Amino acid sequence: METPLQHSNVPASRPPLLGRVITTLYILGTLVLFVFSLDLLVSSLQNLGKSAAETIIMATSNPFTALFIGLLITAMIQSSSTTTALVVAFVASGSITLESAIPIIMGANIGTTITSTIVSLGFINKKKEFRRAVAAGTYHDFFNILTVFLLFPLEYYFRFLSDTSLYITQRFLNLPLIQAESIPTGWSGFTPVVDFFIRIIPSGFVLAVLSFGLLFLSIVLFRQLISRLLMASSPERFSRFFFKNTWKSFFWGLLTTAAIRSSTITTSVVVPIVAQKIITLRKAAPFILGANIGTTITAFIAATLNVNSSSAISIALVHFLINFFGVLVFYPIPFLRQIPLGLAYRLGRLTLRYRLVGFVYILTVFFFIPFSLIYLNKDSAETIRMGFRLTNHKTAEQKTIAVTLKQPSGNKSGEWLMYRSADNAPEEIIVIYRRNNMLMINKEMFLFNKPGYCWDGENKLGKYECCVEAILPSFSTASNLTFDSVYVFNRQYYQAPDSAIQRLYISRDYPAILKYTSQTGNRITETEEVVSISQE
């Protein structure tokens with residue numbers, strides 16, 4: 001018989017203090033890797049070529065396609081933290097605009113729920129536990145799907161999320177609107193290392209792949225550590241501590257998820273607890289909703305540690321607003337609160353009768369529908385390429401500017417990509433938003449109204465009054481291009497002399513400024529006019 005002395009070669013357990021130190025260093029190491037990979041990702045995206053930048057923007061120019069791209073990517077990598085951090089980096093580098101990024105965030109919000117649903121399938125060999133597990137695993141799904149169904153149309157038609165986030169960013173955080181190329185970095189400690197990588201790996205695409213891999217690795221390592229720590233305690237102790245009452249459950253879900261930066265862990269832990277009837281799904285729901293808000297901390301970390309611009313902070317704020325408004329609408333009101341719960345319970349009962357329903361649900365919602373809709377919408381965007389000649393009449397200097405307009409087919413909203421050089425990535429991305437008789441070019445508004453109609457506006461040059469001066473049935477440029485129904489807008493700045501006037505010629509058919517003149521008195525000082533146009 002073996003004696004205890006024979007086991008003396010078994011390593012002794014790690015001292016508690018040493019274990020805590022190692023765990024702390026591990027957490028700090030993954031955080032440093034996370035920040036570095038984001039810094040490298042922003043730089044690599046800024047170094048991508050023209051074709052790569054156009055591919056990214058084309059893929060996200062249709063909001064429906066962008067929504068399912070976010071869903072599909074997140075479902076495949078099972079990490080919304082990675083997707084949202086990636087989107088923040090895209091916005092920070094100027095590769096996509098805030099408006100194009102919002103549907104991706106919405107899709108990621110749905111895609112992240114796949115993990116808890118997969119966890120619930122582990123109970124398939126236990127009848128009653130399987131029903132409760134599926135209900136717990138899919139409650140998160142239905143809640144986020146319903147939230148997207150509510151907010152997506154509000155954003156698409158009224159820019160509800162983008163305008164709200166920009167207003168909060170500029171009004172309360174005092175961050176100016178600046179261009180991507182002039183974004184100041186909030187953390188520059190990795191600059192020498194990032195510069196070194198850029199020197200030895202000149203390919204922006206390779207750098208982007210490398211930085212994405214490091215970003216994903218940092219989040220996976222962090223998730224594995226926290227998952228082990230959470231699983232160390234028994235489900236009974238976990239439930240007694242976290243689910244005493246609604247508010248405590250909600251805030252513990254929020255704080256725990258914010259601390260570990262992963263809602264997939266916290267929501268997945270709830271599934272076996274509900275399945276084993278330690279708590280009910282109704283009691284677990286506030287914890288899941290809190291986790292839904294707590295997961296938005298990753299986007300804030302990515303934004304604040306890497307950039308200090310309004311667009312990057314705004315997209316992080318959008319992620320919070322999506323989940324916050326979802327909770328605000330679907331939880332306080334009893335009737336609405338019952339909708340996601342009822343859908344989850346019904347699916348749970350259905351899987352009890354037909355075990356394959358759970359697998360069919362995952363394949364359909366997270367893969368088949370996104371793949372199908374992305375494929376069906378692959379040709380739903382159109383490209384308009386325009387060339388402009390900019391003339392400075394004071395110096396007689398002329399420049400050529402290339403503009404590529406990306407927009408969904410049949411929709412006058414989209415984005416301008418402005419190029420100063422044919423071989424470079426776009427130097428500026430301008431958001432175009434068209435609804436009825438209003439055209440927004442970035443934050444500048446033009447109203448297609450009767451001559452004499454005026455309104456106030458503001459841009460980087462100051463406050464101005466803009467008026468409809470005339471409506472031209474036909475307008476021809478110096479290069480013999482002809483356009484119908486062209487509105488002439490007269491713009492005058494309040495702080496400028498009365499003789500300083502800007503005129504802008506805008507067609508109702510093309511959401512673009514066909515001609516722009518600036519004059520002082522009777523002398524024209526600057527002209528920008530379209531000289532070529534083609535449609536793909």
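A quick note: this is a predicted structure, and the numbers were derived from the prediction, not measured.

A. Up close: the overall build of the chain. When its secondary structure is counted, the chain shows 18 helices and twelve strands. Residues classed as buried in the chain amount to 52% of the 536 residues present. For the chain, restricting intrachain contacts to residue pairs at least 6 apart in sequence, the fraction spanning at least 24 positions comes to 66%. Within the structure as shown, the chain displays about 25100 Å² of accessible surface, and the carbon and sulfur contribution to it stands at 62%.

B. Geometry of the state of the cysteines. Evaluation of the coordinates by the stated rule reveals one disulfide. Two residues, Cys454 and Cys467, share a disulfide whose sulfurs are 1.9 Å apart. Its S-S torsion of about 110° marks the bond between Cys454 and Cys467 as right-handed, since a negative value means left-handed. Placement of the pair is Cys454 in strand S7 (residues 454-459) and Cys467 in strand S8 (residues 462-476), with a sequence separation of 13 residues. By relative accessible area, which is 33% here, Cys454 ends up partly exposed. A relative accessible area of 14% places Cys467 in the buried class. Cysteine Cys466 remains unbridged, with the sulfur of Cys467 as its closest cysteine sulfur at 6.7 Å.

C. How the structure looks around the nonpolar core. Counting 87 residues, the largest nonpolar core has Met106, Tyr139, Leu161, Ile315 and Phe366 as its most contacted members. Top element by residues in this core is helix H7 (residues 127-158). It accounts for 13 residues. Excluding residues that lie within four positions of it along the chain, Leu161 makes contacts with Ile102, Met106, Leu151, Glu155, Val318, Leu321, Ile322 and Phe325. The next biggest cluster of nonpolar side chains, apart from the first, holds 35 residues, and it includes Phe388, Ile432, Phe483 and Val486.

D. Region of the structure containing a nonpolar patch on the surface. Residues Leu17, Val21, Leu25 and Leu28 make up a contiguous nonpolar surface patch of roughly 390 Å² in combined accessible area. Structurally, Leu28 can be placed in helix H1 (residues 16-46).

E. The packing of aromatic side chains, seen in detail. For the structure on display, the rule yields 26 aromatic pairs. Both rings, one in Phe448 and one in Tyr487, keep their centres 4.9 Å apart while their planes meet at 75°; by these two values the pair is edge-to-face. In this pair, Phe448 is assigned in the loop between strand S6 (444-447) and S7 and Tyr487 in strand S9 (residues 482-493), connecting sequence segments 39 residues apart. The pair Phe448 / Tyr487 is uniform in exposure class, with both members buried. Connected via pairs of aromatic rings, a cluster forms that spans Phe446, Phe448, Tyr453, Trp455, Tyr487 and Phe489.

F. Representation of the pairing of strand S4 (residues 428-435). Counting buried residues in S4 gives eight out of eight residues, a clear majority hidden from the surface. Of the two faces of S4, both are covered, the one formed by Glu428, Ile430, Ile432 and Arg434 as well as the one formed by Ile429, Val431, Tyr433 and Arg435. The turn joining S4 and strand S5 (residues 438-441), which pair antiparallel and follow one another in sequence, is formed by two residues; a positive phi near 55° is taken by Asn436.

G. Focus on the packing of helix H17 (residues 334-353) against helix H18 (residues 357-376). Packing of H17 against H18 leaves a shortest axis separation of 8 Å and a crossing angle of 125°. Classified by the interaxial angle, the pair formed by H17 and H18 is oblique. Residue-level contacts link Leu347, Leu350 and Thr351 of H17 to Val357, Gly358 and Tyr361 of H18.

H. Expanded view of the pattern of salt bridges. Taken as a whole, this structure holds four salt bridges when the rule is applied. Measuring nitrogen to oxygen at the nearest pair gives 3.5 Å for the salt bridge that ties Glu99 to Arg159. Placement of Glu99 in helix H5 (residues 98-111) and of Arg159 in the loop between H7 and helix H8 (160-172) is noted, with a sequence separation of 60 residues between them. Linked by salt bridges that have partners in common, Glu99, Arg159 and Asp163 make up one network.

I. Geometry of the pairing of strand S10 (residues 500-507). Burial runs high along S10: seven of the eight residues are buried. Taken together, the six bridges between S9 and S10 define a ladder with antiparallel strand orientation. Looking at the pairing, Val488 lines up with Tyr505 of S10. Inspection of the sheet shows S10 paired to strand S11 (residues 513-520) by seven bridges, in the antiparallel sense. Paired with Ile501 across the strands is Gln519, a residue of S11.

J. Spotlight on the confidence of the model for the chain. On average, residues of the chain score 80 in pLDDT, and 80% of them are at 70 or above. Within the chain, helix H14 (residues 281-294) carries the highest mean pLDDT (93), whereas helix H2 (residues 50-61) carries the lowest (61). Across residues 1-13, where pLDDT falls below 50, the model places two contacts with residues more than four positions away in sequence or in other chains. Note on residues 176-188: pLDDT is under 50 here. Beyond four places in sequence and across chains, it has 29 contacts.

K. A look at the side chain of Ser100. Assignment of secondary structure puts Ser100 in helix H5. Given a relative accessible area of 6%, Ser100 falls into the buried group. When sequence neighbours within four positions are dropped, the list of residues in contact with Ser100 reads Thr60, Ala66 and Glu415.

L. Region of interest: H7. The end-to-end C-alpha distance of H7, which contains 32 residues, comes to 46 Å, matching closely the 46 Å that a straight helix rising 1.5 Å per residue would cover. Of all the bends in H7, the largest measures some 35° and sits at Thr138. Directly beyond the C-terminal end of H7, a positive phi value near 55° is found at Arg159.

M. Molecular detail of the side chain of Asn109. Within the fold, Asn109 resides in helix H5. A polar side-chain atom of Asn109 sits 3.1 Å from a polar atom in the side chain of His319. Leaving out residues up to four positions away in the same chain, Asn109 has contacts with Asn144, His319, Ile322 and Asn323.

Thresholds, definitions, all that
- Residues numbered from 1 in each chain as written.
- Predicted model: local features only at pLDDT ≥ 70, side-chain atom pairs only at ≥ 80, totals over all residues.
- Heavy atoms only, no water.
- Helix = DSSP H or I, 4+ residues; strand = E, 2+ residues; numbered from the N terminus.
- Buried < 20%, exposed > 50% of the residue type's maximum accessible area, 1.4 Å probe, protein only.
- Contact = heavy atoms within 4.5 Å.
- Areas by Shrake-Rupley, 256 points an atom, 1.4 Å probe, with all protein chains shown as cover.
- Disulfide = S-S within 2.5 Å.
- Core = buried A, V, L, I, M, F, W, Y, C linked by side-chain atoms within 4.5 Å.
- Patch = residues over 30% accessible without salt bridge, like charges linked within 9 Å, V, L, I, M, F, W, Y side chains within 5 Å.
- Salt bridge = Lys/Arg side-chain N within 4 Å of Asp/Glu carboxyl O.
- Phe/Tyr/Trp six-rings, centres within 6.5 Å; stacked < 30°, edge-to-face > 60°.
- Pairing = 2+ DSSP bridges.
- Axes fitted to C-alpha atoms, helices over the stretch in contact; angles between N-to-C directions.
- Parallel < 35°, antiparallel > 145°, perpendicular 65-115°, else oblique.
- pLDDT = per-residue confidence, 0-100.
- Expected span 1.5 Å × (residues − 1).
- Bend = angle between axes of the 7 residues up to and from the residue.
- Polar contact = N/O pair within 3.5 Å; in protein donor to acceptor, adjacent residues only side chain to side chain.

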